[in-house]
Amino acid sequence: MKPILNPTERPLMAKLEAYTDDDPAFLLELIQLMILNLRELQESLGSDTTAFAQAAHKSKSTLTILDDPEVNALVKTLKCAGIKNDAGVTDEADLLFQLIERLIKDLENEATIQKAS
């Protein structure tokens, strides 16, 4: 296991290592799959509620591994809003889009660090 030089800067790595069993190739593959799931979830924000619910379900493992409480709460809120046909959730959808973008950048940074190692 590679040491984390500053654990406060790379908490994402600790979450990922818990699932990859010190296998760098699997870690990179997992990161790529997670990014694809998150992109699909982002794209579904502009779709109908069924598409969003399906993308959220497909991304459930990724969201569980990343364990971001704010993202998870927004996904739950938007799924419930879809069930209720609540059209007034634009701010939440915009915020979720931005938070997912941040997660994707964090994952891309981890992949870059791993490739350089």
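These remarks concern the structure in this document.

What counts, and at which threshold
- Residues numbered from 1 in each chain as written.
- Predicted model: local features only at pLDDT ≥ 70, side-chain atom pairs only at ≥ 80, totals over all residues.
- Heavy atoms only, no water.
- Helix = DSSP H or I, 4+ residues; strand = E, 2+ residues; numbered from the N terminus.
- Buried < 20%, exposed > 50% of the residue type's maximum accessible area, 1.4 Å probe, protein only.
- Salt bridge = Lys/Arg side-chain N within 4 Å of Asp/Glu carboxyl O.

What about unusual backbone geometry?
Here comes step 1: A positive phi angle, near 55°, is found at aspartate 22, a position not held by glycine.
Here comes step 2: Mapped onto the fold, aspartate 22 is located in the loop between α1 (11–20) and α2 (24–44).
Here comes step 3: Judged by its relative accessible area of 47%, aspartate 22 is partly exposed.
Here comes step 4: Notably, aspartate 67 is not glycine yet its phi reads approximately 50°, a positive angle.
Here comes step 5: Inspection of the secondary structure puts aspartate 67 in the loop between α4 (60–66) and α5 (69–83).

Considerations on the pattern of salt bridges
Here comes step 1: Throughout the structure, instances matching the rule amount to four salt bridges.
Here comes step 2: When the shortest N-O distance is used, the salt bridge between glutamate 40 and lysine 58 registers 2.9 Å. One end of the pair, glutamate 40, is in helix α2; the other, lysine 58, is in helix α3 (residues 49–58), and 18 residues separate them in sequence.
Here comes step 3: A salt bridge links lysine 105 to glutamate 101; the nearest nitrogen and oxygen atoms lie 3.6 Å apart.

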